[in-house]
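Read off the chains here:
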Amino acid sequence: MYITMLYKYGAPQIRFNVNDISAYVPGTCACGGTLRRLDRIFGRNDNMVKLRGVNVFPEAVGAVVVGDSRTNGEFFCFVDRVGEAATDEMTVLVEVTDPAANRAAVKLDLERRMKEVLGVRVTVDPVAKGALDPHTGTSQTSKIKRVLDRRQAPR
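Residues numbered from 1 in each chain as written. Predicted model: local features only at pLDDT ≥ 70, side-chain atom pairs only at ≥ 80, totals over all residues. Heavy atoms only, no water.

**Overview of the pairing of strand β11 (residues 123-128)**
Of the pairings in the sheet, the one linking strand β10 (residues 87-96) to β11 comprises 6 bridges and is parallel in character. For V96, the partnering residue across the bridge sits in β11 and is A128. Read from β10 through helix α2 (residues 103-118) to β11, the crossover connection turns out right-handed. (Pairing = 2+ DSSP bridges. Helix = DSSP H or I, 4+ residues; strand = E, 2+ residues; numbered from the N terminus. Right-handed = clockwise from strand over helix to strand, strands pointing away.)

Here it is in structure tokens:
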């Protein structure tokens, strides 16, 4: 999304890229207006990961994780290129609140739900509460990391 400052006096800023992903709403407004209208903000462009042709936003992964009561909402994604075919794979580490929880069931349920929401298969790895802090940095900073893309650029 680009923002244009039409009414700024002084040195005008013609376009400003805010790195947000949005879309236009089709059709005309109910009020009769004919100008283009923006849909909701889908996510940040700099956080998006392209995984086997599908745009994956950490916010969408987080929404699935928060929706499962067996987790505390903390997650971290690793993106790797694996195998001879160099297939892109995402592993989502998820903190489970109850140490006695059936992690296999959490894994299967979250993998199924993420396939529905994201449109691409990912691997879920349930971990103990607090295990993701070294990756996310929640105890050290307010700028929490959610994705580490470890793919090498193609030569």
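**Points about the nonpolar core**
Looking at soluble globular proteins, one finds that nonpolar side chains tend to be buried together. Grouped together as the largest cluster of nonpolar side chains are 21 residues, with contacts concentrated most on V61, M90, V92, M114 and V122. Contributions of two or more residues to this core are made by β7 (49-51), α1 (58-66), β9 (71-82), β10 and α2. Setting aside its immediate chain neighbours within four residues, M114 contacts V61, V64, V65, V92, G119, V120, V122 and V124. One finds F76, L93, V127 and L132 within the second-largest nonpolar core, a separate group that totals 5 residues. (Core = buried A, V, L, I, M, F, W, Y, C linked by side-chain atoms within 4.5 Å. Buried < 20%, exposed > 50% of the residue type's maximum accessible area, 1.4 Å probe, protein only. Contact = heavy atoms within 4.5 Å.)

**Topic: the packing of α1 against α2**
Between α1 and α2, the shortest axis-to-axis distance is 10 Å and the interhelical angle comes to 140°. As far as their axial angle goes, α2 and α1 are oblique. Here α1 and α2 pass one another in a crossing that is right-handed. Listed contacts from α2 to A60, V61, V64 and V65 of α1 are L110, R113, M114, V117 and L118. Split into classes, the residues belonging to the contact of α1 with α2 amount to 8 nonpolar, no polar and 1 charged. (Axes fitted to C-alpha atoms, helices over the stretch in contact; angles between N-to-C directions. Parallel < 35°, antiparallel > 145°, perpendicular 65-115°, else oblique. Left-handed = near helix turned anticlockwise from the far one by under 90°. Nonpolar A, V, L, I, M, F, W, Y, C, P; charged D, E, K, R; others polar.)

**Digging into unusual backbone geometry**
The phi torsion at R52 lies on the positive side, around 50°, for a residue other than glycine. Relative to the helices and strands, R52 is located in the loop between β7 and β8 (54-56). A residue is classified by how much of its surface remains accessible, and R52, at 33% relative accessible area, is partly exposed. The phi dihedral of A86 falls on the positive side, at around 55°, and the residue is not glycine.

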